[in-house]
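# Chain and residue survey
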Amino acid sequence: MKLQPTTSNLLPQLKVCGLTKQDQIQELIAMNTDFLGFIFYEKSPRYVLNHLSLEEISTIDHQGKVGVFVNEEVDIIVKIVQHANLNFVQLHGDESNDFITELRQKLSPKVGIIKVIRIGNIDSDNKDKIAQTLSCNLQPITYYLFDTDSKAFGGTGKQFDWNILNEFEIPLPYFLSGGISEENIGNIDTLKQQPFALDINSKFETEPGSKNIDSIKKFKTLYQHNK
C-alpha cells in the first residue's frame, strides 16, 4: 500500500471513530471524511456490532473503513475484515510484533495496518517503550496512531502531552488522537513531524456512538482554515 508523505504543508486527513449510526456515516461520507472508524471491542460503549451488522458495514461505500480491535485473535480479525469489507485494521491493544507479522500474512495486501501507541505518564521507562516500539520491524505496519493511554483503550477525550512526539523520529506517517478539539487544534503546529491524519471521537459526540455532525463540520473548517 502506498504511503502518504508527512510534510507540514499538507493538510492532515480526518478520521472519525466510534461510528454506530448509518445516517451519520452517510453525512460524514458526503463531507469527504477520509477515514471511518468502527470499534470491534465488546467492552467499548461504541461497540459497533450492537448497532450495525457486518453485512451493513460491508455495504458502506467508502475506501477508508477502519476496524478497531483490542487484543483480539488474529483469525477473528481476518474474518471480520473480510465480512465487513474493511480497508484498515487498527490495533489498539498490546499486540506484539509477532502478532502483527502473522496478521499481515493472513490479511489481503490491500488492507492496511494501523498500530496504536498509547502514551501515558512521560517518564524514562515510557519513553524507552515508545522508542522501542518505533524501532520494531516496520514492514507489517502502514501507519502509527498516537493516543492517550487508558484502561478503556481510548475514547477518553483526554489529551496527552503532544510535545513528547518531538523527542522521536517517527518512521511512518501517523494519526494523532486523544482529546483533539477546536480549543487545541492550533497546538498541532508545534509538532516537528506533522500528523498524516487527525482522529476524533468522544469530543464530538452527544452520547457514545452518536456524533455531533455540526461540530465535526465546524472543526474541519477550522483546521483547514488554520493551515
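All figures in this text were calculated on a predicted structure; none of them were measured in a lab.

As a general rule, the predicted coordinates of low-pLDDT regions are not to be interpreted in detail. Scored by pLDDT, the protein has a mean of 90; 92% of the residues are at 70 or more. Within the model, the stretch residues 1–8 combines pLDDT values under 50 with 20 contacts to residues more than four positions away or in other chains.

Of all hydrophobic cores here, the largest spans 56 residues; its most connected members are Leu103, Phe146, Leu165 and Leu176. Sorting elements by how many residues they give to this core places helix H3 (residues 74–84) first, with 6 residues. One finds Phe88, Ile114, Val116 and Phe175 within the second-largest nonpolar core, a separate group that totals 10 residues.

The final tally for this structure, using the stated rule, is 12 aromatic pairs. Ring centres of Phe35 and Phe88 lie 5.5 Å apart, and the angle between their planes is 70°; on these two criteria the pair is classed as edge-to-face. Here the residue Phe35 occupies a position in strand S2 (residues 35–39), and Phe88 occupies one in strand S4 (residues 88–91), the gap between them amounting to 53 residues. Here Phe35 falls in the buried class, since its relative accessible area comes to 4%.

Right, let's get into the pairing of strand S3 (residues 65–69). Counting buried positions along S3 yields 5 of 5 residues, so the element is predominantly enclosed. A two-sided burial pattern is seen for S3, the buried positions comprising Lys65, Gly67 and Phe69 on one face and Val66 and Val68 on the other. Pairing analysis gives 4 bridges linking S3 to S4, with the strands arranged parallel. When the bridges of S4 are listed, Gly67 appears paired with Val89. Note that the unit made of S3, H3 and S4 has a crossover that is right-handed.

Going through the model one piece at a time under the given rule, you end up with 10 salt bridges. A salt bridge links Glu95 to Lys115; its shortest N-O distance comes to 3.1 Å. Of this pair, Glu95 sits in the loop between S4 and helix H4 (97–106) while Lys115 sits in strand S5 (residues 112–119), and the two are 20 residues apart along the sequence. Note on Glu95: relative accessible area 8%, which makes it buried.

With that settled, the discussion passes to the sheet that holds S5. Spatially, 8 strands are ordered S1-S2-S3-S4-S5-S6-S7-S8 in a closed barrel, and the strand pairing comes out parallel. Each adjacent strand pair in this sheet contributes to an overall mean axis angle of 25°, direction not counted. Those strands touched by helix H5 (residues 124–134) are S5 and strand S6 (143–148), and its axis lies near 170° from that of S5.

Definitions and cut-offs
- Here, residues in each chain are numbered from 1, in the same order as that chain's written sequence.
- Local features in this predicted model are restricted to residues whose pLDDT is 70 or higher, and side-chain atom pairs enter the listing and the counts only when it is 80 or higher, whereas totals over whole chains, interfaces and linings include all residues.
- As a convention, hydrogens and water are excluded, and side-chain values are obtained from all of the structure's heavy atoms.
- Residue-level confidence of the predictor is what pLDDT reports, using numbers from 0 through 100.
- The contact rule is simple, with two residues in contact once any of their heavy atoms fall within 4.5 Å.
- Put simply, buried Ala, Val, Leu, Ile, Met, Phe, Trp, Tyr and Cys residues joined by side-chain atoms within 4.5 Å make one nonpolar core.
- When a residue's accessible area, from a 1.4 Å probe over protein chains only, is under 20% of the maximum for its type it is buried; when over 50% it is exposed; and in between it is partly exposed.
- Helix and strand assignments follow DSSP, with helices taken as H or I runs no shorter than four residues and strands as E runs no shorter than two, numbered in order from the N terminus.
- Two rings from Phe, Tyr or Trp (for Trp, the six-membered ring) form a pair when their centres are within 6.5 Å of each other. A pair whose planes differ by under 30 degrees is stacked, one over 60 is edge-to-face, and the rest are tilted.
- Strand pairing requires that DSSP identify at least two bridges connecting the strands.
- The crossover handedness rule: strands pointing away from the viewer, path from first strand over the helix to second strand clockwise, crossover right-handed.
- Salt bridges are defined by distance alone: a side-chain nitrogen of Lys or Arg within 4 Å of a carboxyl oxygen of Asp or Glu.
- Here an axis means a line fitted to C-alpha atoms, over the contact stretch when the element is a helix, while the angle between two N-to-C directions is reported on a 0 to 180 degree scale.

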